[in-house]
Amino acid sequence: MRLFFGLSLPDPARRAVAAFAAQAQFAVPGRYVPAENYHVTLAFLGEVLPQRLAQAQETLARCAQAFPPPQLSPAGAALFGKRQNGILVLRYDSGPDLTPLHGALIEALRAQELPADPGPFTPHVTLARHARAQEDTLRALGAPAAAGFDAAAAHVFLSARDTEGILRYTPLFSTPFRQTL
């Protein structure tokens with residue numbers, strides 16, 4: 001099973017991102033992602049044996065409990081990869097910074113001998129694949145203020161194609177962040 005840890009977007013933020021993506025389609029050609037797949041990845045695991053799912057869940061729960069709930073603010077559009085065939089994303093800033101949580105997750109996964117992609121980490125929502133855009137076009141898109149959100153929980157997501165071959169991200173497990181007073 002193909003897994004990742006991430007944050008789901010509450011409905012108001014999801015709607016704001018979907019409206020932003022609908023507007024971006026006029027300026028940035030690409031294959032746009034369905035709104036129900038919007039999420040912020042915290043750590044990508046990849047293929048995990050089903051019998052190791054409980055370990056992955058425990059790892060996420062332990063790490064999430066060590067961090068306060070993040071507040072995410074949209075920071076603008078960006079293109080990952082090549083300018084003529086990249087991934088259009090909406091970048092997010094967070095308070096507190098999500099980088100230490102990402103690092104803790106990667107370290108904990110490795111300690112459990114679970115797969116973990118330690119690649120570069122930039123909090124974002126993927127809007128489109130096979131996108132083409134110039135930097136000035138991305139700047140002109142701005143950032144949808146209504147797409148900000150407070151994350152109360154982190155999730156283990158299953159990445160799998162449905163019976164029609166469409167990629168779907170399904171939350172299998174949710175765990176709260178450390179409660180702050």
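Residues numbered from 1 in each chain as written. Predicted model: local features only at pLDDT ≥ 70, side-chain atom pairs only at ≥ 80, totals over all residues. Heavy atoms only, no water.

A short note on the pairing of strand S8 (residues 153-161)
For a regular strand, the rule is simple: side chains alternate between the two faces of the sheet.
Moving on, step 1. In the sheet, strand S1 (residues 2-8) pairs with S8 via five bridges, with the strands oriented antiparallel. Across the sheet, residue Arg2 finds its bridge partner in S8, namely Ser159.
Moving on, step 2. Taking the residues between adjacent antiparallel strands as the criterion, S8 and strand S9 (residues 167-176) are bridged by five residues, where Gly165 takes a positive phi near 85 degrees. (Pairing = 2+ DSSP bridges. Helix = DSSP H or I, 4+ residues; strand = E, 2+ residues; numbered from the N terminus.)

A look at the packing of aromatic side chains
Moving on, step 1. Under the counting rule described, the total for this entry stands at three aromatic pairs.
Moving on, step 2. Arranged with centres 4.9 Å apart and planes meeting at 10 degrees, the rings of Phe4 and Phe157 form a pair that is stacked. Here Phe4, found in strand S1, pairs with Phe157, found in strand S8; they are 153 residues apart in sequence, far enough to count as distant. Side by side, Phe4 and Phe157 carry an identical accessibility label, which is buried. (Phe/Tyr/Trp six-rings, centres within 6.5 Å; stacked < 30°, edge-to-face > 60°. Buried < 20%, exposed > 50% of the residue type's maximum accessible area, 1.4 Å probe, protein only.)

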